[in-house]
Amino acid sequence: MMIKRGGLLLLTILLSMPIIAQEQPLTLQDLIPGGKTAYRFTPRDIKQLQWYGDTYLYAKGDSLYQGIPEQGEKIALTLSRFNETLETAGLPTLSSLPNFTVPYNATPFLAFGNRQHLIHYDLSKQMVLRDYQPETSWENASLAPEGGYYAFTNDNNVVLLSPEKKILPITNETDKGIVSGQAVHQREFGITKGLFWSPTGKALAFYRMDKRMVTDYPIVDIDTRCAAVKPFKYPMAGMKSHEVTVGVYHLETRETVWLQTGLPKEKYLTNIAWSPDGKHIYIAELNREQNHCRMVRYNAETGAREKVLFEEQNDRYVEPQHPVVFLPEDSTRFIWQSQRDGFNHLYLYDTKGKLLKQLTSGEWVVTDFLGFDRDGTHLYVAATAPLPSSSVRSGDPMQIYAWRINIGNGERFCLNTKHPAVHSATISPSGKYALDRASSPSIPRDIDLIRAKDGKIIKNLLSAPNPYAKYTMPEIVTGTILSADGRTPLNYRLVKPVQFDETKKYPAIVYVYGGPHAQLVTGDWMNGVRGWDLYMAQRGYVVFTVDGRGSANRGFEFESMIHQNLGVKEMEDQLKGVEFLKSLPFVDSNRLGVHGWSYGGFMTTNLMLTYPDLFKAGVAGGPVIDWSKYEIMYGERYMDHPKENPEGYRQADLTLKADRLKGHLLLIHGTADPVVVWQHSLSFLKACIEKETYPDYFVYPGHQHNVTGRDRVHLHEKITRYFDDYLK
């Protein structure tokens, strides 16, 4: 009998094993970027999908495929054939296909790196066009549109590498406080680089940033035998900022001309653009107060400041983020993006500064400029504009589509309405075709090849399966609540616990960012939910997020109303979210938590201190504690100079609220954070010690503003344990 019972027990276990395996919960290694198995739960994609002229390329295995719209696909290159060509050219071979780029589609070729070689490859002729061998220390490679020259930064200087492999030093700065060829102004105002080739490749514009007058800020490196200080320049609000100029190096003369940007030196030179003929440079110049922008045209050959074409002013701020874009084959007209009417739209100007027309308008936002058709009669944008069939006239940030707009009459046509979704399109060089990526709450990723003139789907290239199909997942609910003003709808996302039981009471965590340039509740895959949200839902938590006033893609008034009083209206709207949470019968209002990072860390700490009886626990990562200790560009845009807004800075200084801490608050910071410097959370600890309050604290040695890589899993385990300790 004992044997039979044992056999029966063993049989029961064996029969149940597949079910148990199928229902294994997801782990942080599965759900967090940097996790060992996170790749399994990222929606499937097409590797290296990009335009090559009016054909498209993608990699699959050891082959590179080429698709000709409305015709078909073929294998354009195999690894074995590729290696034969490289070996014939005397170049090192490859173990797998490299990551390619197509630098310029006018005359397409593949560019890739391989063992300190930068190689250009002609796909149609199956031959190596050029081989460059830059120094290992060179960075920020930038290829000229014509002529074959590369520009690089070498430490703080700019060098050129010719097609003949000759090195041409462009700058010779010996003082480490002067940096050339790199992004400036803390990478605000859409600035991502510091090297700008003319359309003909005959001249190179570059930033020169003098940081010697900016205070050194210490970062401590603990990985040396004795910890070493590695200072960097960090201009805090109200303090001296760096000074930027723009040089133009001419290949023909081998000389640099400096643009005569004039006084005051403390201003922002943003969004550099060349005219199509290479004779002029256009710069959006912003005063330090960031309330007055001038579009200035410079003579690229003499450096002369020729004309202020137009100006924009706003009592709150002006934030240029996009350079002018000239119409194809037209040196007389360009497009400028502006929020001047309350929403980001396109405006057509001539080079004399005359506004010819507003190309887009309405209570919706242009989120991206995508390109033109070949003759310049149409342009393409991504926007939150409502579909023609919609009865609503205002835009919806939960749905973004690609649009084709007639420059002459302003008529717009939506390229792909197959899915109400968030669409991201890339336009072919001729403007005839688009590769459209779509994602919705129920669609992980869908990629279509589209004919632009009528939106016809030529071919579906990918319909990614649900990576969570075999797992029990939480229900995700979205909707709107009214903001604290009683009239503005706010989008929210609520993740219910797995195996939800409406008769139970669950702890709830508010995940918050709250600041500008961010939208957390989206209309793409699973409504933008984070892996950690899903993990906490497995552990029996409700996770809630609301995009309050101050967040992105709702227009200038919605985003800018936080000006001079950071945290005030944002917290008012978060409280409306909490009111909604507490109205739900399944939420335990005595077990509420709040969590956020960066601006969200500021919001988390502020909420815990301002409403000490509301939240039982909070985790604030990389938190801004005192905005006077934040960098100038971002800080003064939203808070003005500390001397101009002392009360706003005082109200947002969380050290002054340290005595109000009642709940359990964990602060987390990277010791090498160059964005929100470590001083912020340390100063808060000091204030708490003085006021005899008791936050918890954890640091990630050597990490910068975000904890990345495999340590990110550790971070989320730490956060999870904290909430488990105090909310469960």
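Our structure's up above, just so we're on the same page.
Parameters at a glance
- Residues numbered from 1 in each chain as written.
- Predicted model: local features only at pLDDT ≥ 70, side-chain atom pairs only at ≥ 80, totals over all residues.
- Heavy atoms only, no water.
- Helix = DSSP H or I, 4+ residues; strand = E, 2+ residues; numbered from the N terminus.
- Rg over C-alpha atoms; globule rule 2.2 N^0.38 Å.
- Contact = heavy atoms within 4.5 Å.
- Lys, Arg positive; Asp, Glu negative; His and termini not counted.
- Charge placed at Lys NZ, Arg CZ, Asp CG, Glu CD.
- Salt bridge = Lys/Arg side-chain N within 4 Å of Asp/Glu carboxyl O.
- Buried < 20%, exposed > 50% of the residue type's maximum accessible area, 1.4 Å probe, protein only.
- Pairing = 2+ DSSP bridges.
- Axes fitted to C-alpha atoms, helices over the stretch in contact; angles between N-to-C directions.
- 1 Å grid on protein atoms, 1.4 Å probe; cavity = no way out; pocket = protein on both sides within 12 Å on 5 of 7 lines; lining within 4 Å.
- Points joined across faces, edges and corners; volume = space filled by probe spheres on them.
- Nonpolar A, V, L, I, M, F, W, Y, C, P; charged D, E, K, R; others polar.

1. What about the overall build of the protein chain?
The helix and strand inventory of the protein chain stands at eleven helices and 44 strands. Relative to the 2.2 N^0.38 estimate, which gives 27 Å for 728 residues, the radius of gyration of the protein chain is 28 Å and therefore close to what a compact globule would have. Seen through its C-alpha atoms, the protein chain measures out along the principal axes to roughly 90 × 70 × 65 Å. Nonlocal contacts in the protein chain, meaning residues at least 24 apart in sequence, comprise 57% of its contacts between residues at least 6 apart. For the protein chain, the distance from the average site of its 81 positive side-chain charges to the average site of its 81 negative ones is 3 Å.

2. Section: the environment of F109
Of note, F109 is situated in the loop between helix 3 (79-88) and strand 5 (110-114). Each C-alpha atom of the pair F109 and E644 lies 53 Å from the other, and the pair is 535 residues apart in sequence. When residues no more than four places from it in sequence are discounted, the contact partners of F109 are Y52, T101, V102, P103, H120, Y121, L129 and L143.

3. Observations regarding the pattern of salt bridges
A complete count under the given rule lists 38 salt bridges for this structure. Two residues, D216 and K233, come together in a salt bridge whose shortest N-O distance is 2.8 Å. Here the residue D216 occupies a position in strand 15 (residues 216-217), and K233 occupies one in strand 18 (residues 232-233), the gap between them amounting to 17 residues. Under the relative-accessibility criterion, D216 is labelled partly exposed at 46%. Between R294 and E311 there is a salt bridge, with its nearest N and O atoms 3.8 Å apart. With R294 in strand 23 (residues 292-299) and E311 in strand 24 (residues 305-313), this pair connects stretches of sequence that are 17 residues apart. Of the residues examined, R294 reaches a relative accessible area of 30% and is grouped as partly exposed. The class of E311 is partly exposed, set by a relative accessible area of 45%. Within the structure, one salt-bridge network assembled from shared partners comprises K240, E243, E266, R288 and E636.

4. A word on the side chain of K211
Tracing the backbone shows K211 in the loop between strand 14 (203-210) and strand 15. For K211, the residues in contact, after removing those within four places along its chain, are G177, V179, K233 and H242.

5. Considerations on unusual backbone geometry
At the junction of L263 and P264, the peptide bond is cis and its omega measures out at -5 degrees in the coordinates. In this fold, P264 is placed in the loop between strand 20 (255-258) and strand 21 (267-274). Residues other than glycine seldom take positive phi values, yet H517 does so here, at roughly 65 degrees. Inspection of the secondary structure assignment puts H517 in the loop between strand 39 (506-511) and helix 4 (531-538). Of note, M526 is a non-glycine position whose phi angle comes to about 55 degrees, a positive value.

6. A few points about the sheet that holds strand 4 (residues 72-78)
Strand order in this open sheet of four strands is 1-2-3-4, and the pairing throughout is antiparallel. In this open sheet, the two edge strands, each paired with only one partner strand, are strand 1 (50-52) and strand 4. With strand direction ignored, the average angle separating the axes of adjacent strands in the sheet is 35 degrees. Judged from the five bridges that link them, strand 2 (residues 55-60) and strand 3 (residues 63-68) form a sheet pairing that is antiparallel. When the sheet's bridge partners are listed, K60 is paired in strand 3 with S63.

7. Thoughts on empty space enclosed by the protein
Summed over all chains, the structure comprises three cavities of 30 Å³ or more. Its boundaries defined by the atoms lining it, the largest cavity holds a volume of some 50 Å³. Surrounding the largest cavity, P397, N491, Q519, V521, D547, S551, A552, R554 and F558 form its lining. The residue inventory of the lining of the largest cavity, partitioned by class, reads four nonpolar, three polar and two charged.

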